[in-house]
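# Observations on the three-dimensional arrangement
Here's the letter readout for the chains.
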Amino acid sequence: MHQILLVGFYGLITALATGLGAVPFAFVKRISGRTAALANALAAGLMLGASFGLLAEGSRHGAPQTILGANVGLLFVLLAHRWIGHGDVSFGEVTGAGARRMLLIVLVMTVHSFSEGVAVGAAFGGGTELAFLITVAIAVHNVPEGLAISAVLRPEGTSVLACAGWSVFSSLPQPLMAVPAYLLVETIHPALPYGIGFAAGAMVFMVFLELLPEAFEDAPRWLIGILTSGSMTVMLLFQRIL
Amino acid sequence: MHPAIVTLLASSAAATASALGVLPLVGRARVPERWIGWANALAGGMMFGTAFALGAVEGEAAVPAAIGTLVGILFIAWTHAATGTEDLSLNRLGETGPEYGYRVALVQTLHAGSEGIAIGAAMTVDLPFGLFTAATMAVHNIPEVTVLAAVQRSRSVSLATAALTGVATNVPQVFVAVATYAIVSAAPGTLSWVLGLATGMLANLVLVELLPESYRQAGHTSIAVVASAALAMVALLIGWVG
């Protein structure tokens with residue numbers, strides 16, 4: 001497969017994975033906060049492990065450029081959050097959610113998908129194996145995001161299929177951003193460490209800003225600790241083996 | 001100078017540097033809770049960065065390192081469960097009894113032991129990496145003692161005593177660092193396991209002890225900024241040195 005098509009395909013996989021978040025709602029109307037917390041903890045570990053892989057790859061191409069890119073990634077996610085009006089999404093507050101909240105959560109997820117798309121595209125600059133691992137990490141991370149969207153939409157009467165559709169929609173920036181990010185780091189080679197750093201910074205920041213605080217709210221910290229550091233270890237192991 | 005002596009001196013310096021943590025309390029009885037949150041996040045980010053660097057040492061066997069990491073994660077969970085400190089709030093500034101103080105000191109001592117393993121293991125990789133890890137731990141110890149000293153100052157303990165207590169809780173770091181260095185030097189085949197062990201211990205300590213408190217104390221956004229920036233900086237600087 002042509003490399004550009006492969007980049008778009010990987011981005012599409014991560015977007016489609018978001019739709020899996022709607023699956024539990026085919027069986028239950030609501031999911032517990034604890035289940036969502038554990039899903040977030042698992043995703044947090046995978047994303048941290050993937051980010052470490054990106055940082056290691058980036059520093060091979062230039063440590064200062066990578067750290068600059070990481071800080072820009074951090075800033076991008078921070079500004080995106082400010083721009084969408086502090087759309088902190090909490091699984092514990094789904095009851096009585098209105099149309100504004102439904103719109104907000106889809107918007108929140110869509111905006112922050114941009115940086116994940118950049119992560120997939122930039123990771124291809126470090127080789128297909130690295131890109132594969134980043135794709136897996138982001139795809140797994142997208143499942144609880146789809147769960148979050150569906151947890152808000154489903155109690156308002158949205159069908160399971162529509163929940164899955166909105167979840168996938170929120171991640172469409174991923175295939176759309178992955179290709180230009182890849183082209184940038186491939187054609188302007190010095191941009192590679194900046195791009196990789198951007199992706200790592202954005203992912204680490206999302207873990208600390210969204211996933212871990214959500215996880216700590218609804219599950220005991222010892223369990224979050226084991227799950228997050230355990231999944232991080234598994235991701236690091238895959239990186240070493242591949 | 002023999003590397004074992006260097007390990008002893010470097011880890012002693014890291015433990016002693018922790019006394020600087022009382023400086024923010026000079027001239028004031030209490031520090032704002034937000035400061036404590038930021039101190040925890042700074043220490044947590046640096047510790048995560050160190051964990052990443054230890055887990056990313058090239059040339060080490062991947063599977064033993066991963067098993068070591070999982071053992072480290074479970075060991076921390078077990079020590080918290082065995083000492084009844086798995087859900088202990090470490091930063092209570094209000095009325096507390098002596099029993100609370102003993103439990104906090106116990107947690108800090110176990111925490112310092114894990115850091116000692118990290119320093120000892122890094123010293124066996126190579127001297128610059130070991131010295132950098134010790135320096136990172138020294139800087140990281142400072143905000144940790146700020147938190148501990150803030151708790152003590154709220155109980156009218158003098159600054160000098162708070163500084164000495166801070167150093168005392170970090171003394172295990174020295175003994176464990178030297179012992180780890182000696183063991184790994186005598187049996188080089190254990191290096192991958194020990195690096196993994198240190199990685200798992202540090203990662204889980206951040207998740208169980210440092211981050212949950214900090215989110216409550218200073219809010220999600222500022223904690224995410226401080227922790228991400230500290231993590232990225234340490235990971236890249238250690239990558240540079242290594």
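The rules behind each value
Residues numbered from 1 in each chain as written. Chains lettered and ligands numbered in written order. Predicted model: local features only at pLDDT ≥ 70, side-chain atom pairs only at ≥ 80, totals over all residues. Helix = DSSP H or I, 4+ residues; strand = E, 2+ residues; numbered from the N terminus. Buried ≥ 20, exposed ≤ 12 C-beta atoms within 10 Å, placed from the backbone. Contact = placed C-beta atoms within 7 Å. Nonpolar A, V, L, I, M, F, W, Y, C, P; charged D, E, K, R; others polar. Axes fitted to C-alpha atoms, helices over the stretch in contact; angles between N-to-C directions. Parallel < 35°, antiparallel > 145°, perpendicular 65-115°, else oblique. Left-handed = near helix turned anticlockwise from the far one by under 90°. Expected span 1.5 Å × (residues − 1). Bend = angle between axes of the 7 residues up to and from the residue. Core = buried A, V, L, I, M, F, W, Y, C linked by C-beta atoms within 7 Å. pLDDT = per-residue confidence, 0-100.

## Some remarks on the overall build of chain A
- For chain A, the count of helices and strands is eight helices and zero strands.
- Listing every helix and strand of chain A by position from the N terminus yields α-α-α-α-α-α-α-α.
- Burial analysis of chain A (242 residues in total) assigns 60% to the buried set.

## Topic: the overall build of chain B
- Broken down by element type, chain B carries eight helices and zero strands.
- Its C-alpha atoms put chain B at 50 × 35 × 35 Å along the principal axes.
- Within chain B, the proportion of its 242 residues that are buried is 58%.

## Overview of the interface of chain B and chain A
- Residue-level contacts link 35 residues of chain B with 33 residues of chain A.
- Residue assignment for the side of chain B that touches chain A shows that the elements contributing at least two residues are helix H2 (33-55), helix H3 (62-82), helix H7 (191-218) and helix H8 (220-241) of chain B.
- Counting residues per element, the side of chain B that touches chain A draws most heavily on H8 of chain B, at 15 residues.
- Residue classes in the side of chain B that touches chain A are distributed as 24 nonpolar, nine polar and two charged.

## Looking at the packing of helix H1 (residues 3-17) of chain B against helix H6 (residues 159-186) of chain B
Residues and elements named next belong to chain B.
- Interaxial distance between H1 and H6 falls to 8 Å at its minimum, and their mutual angle equals 160 degrees. Between H1 and H6, the angle falls in the class roughly antiparallel. Crossing angle aside, the handedness with which H1 passes H6 is right-handed. Contacts between H1 and H6 involve Pro3, Ala4, Thr7, Leu8, Ser11, Ser12, Ala14, Ala15 and Thr16 from the former and Val167, Asn170, Val171, Gln173, Val174, Ala177, Val178, Tyr181 and Ala182 from the latter.

## Considerations on H6 of chain B
- Helix length check: H6 of chain B, at 28 residues, gives a terminal C-alpha distance of 42 Å against a target of 40 Å (1.5 Å per residue), a fit within 8%.
- The axis of H6 of chain B is deflected most strongly, by about 30 degrees, at threonine 169 of chain B, and proline proline 172 of chain B appears within four residues downstream.

## As for the nonpolar core
- Grouped together as the largest cluster of nonpolar side chains are 164 residues, with contacts concentrated most on Ile134 and Ala199 of chain A.
- Beyond its immediate sequence surroundings of up to four residues, alanine 199 of chain A is in contact with Leu54, Gly73, Val118, Ala119, Ala122 and Ala123 of chain A.

## Here's the deal with the packing of helix H1 (residues 3-19) of chain A against helix H5 (residues 160-170) of chain A
Residues and elements named next belong to chain A.
- Remark: H1 packs on H5, axes separated minimally by 7 Å, with the N-to-C direction vectors making an angle of 150 degrees. The two elements H1 and H5 cross, and the hand of that crossing is right-handed. Of H5, the residues touching H1 (which contributes Ala15, Leu16, Thr18 and Gly19) are Ala164, Ser167, Val168 and Ser170.
- Grouping the constituent residues of the contact of H1 with H5 by class yields four nonpolar, four polar and no charged.

## Some remarks on the environment of leucine 55 of chain A
Residue and element names in this part refer to chain A.
- Within the secondary structure, leucine 55 sits in helix H2 (residues 33-83).
- In this structure leucine 55 comes out as buried when scored by C-beta crowding, with 29 C-beta atoms within 10 Å.
- Sequence separation between leucine 55 and valine 7 is 48 residues; the distance between their C-alpha atoms is 20 Å.

## With respect to the confidence of the model for chain A
Residues and elements named next belong to chain A.
- Confidence in the prediction for chain A averages 79 pLDDT; 86% of positions are at 70 or higher.
- For chain A, per-element mean pLDDT is lowest for helix H3 (residues 99-123), which scores 69, and highest for H1, which scores 89.
- Below pLDDT 50 for its whole length, residues 89-97 participates in 20 contacts with residues either more than four positions away or in separate chains.

## Some remarks on the environment of threonine 128 of chain A
- In this fold, threonine 128 of chain A is placed in helix H4 (residues 128-153).
- Judged by the 15 C-beta atoms lying within 10 Å of it, threonine 128 of chain A falls in the partly exposed class.

## Considerations on the environment of serine 192 of chain B
Residues and elements named next belong to chain B.
- Tracing the backbone shows serine 192 in helix H7.
- Expressed as a C-alpha distance, the spacing of serine 192 and alanine 122, which sit 70 residues apart in the sequence, is 11 Å.
- Not counting the four nearest positions on each side in its chain, serine 192 is found in contact with Glu60, Ala61, Pro64, Ala65 and Gly68.

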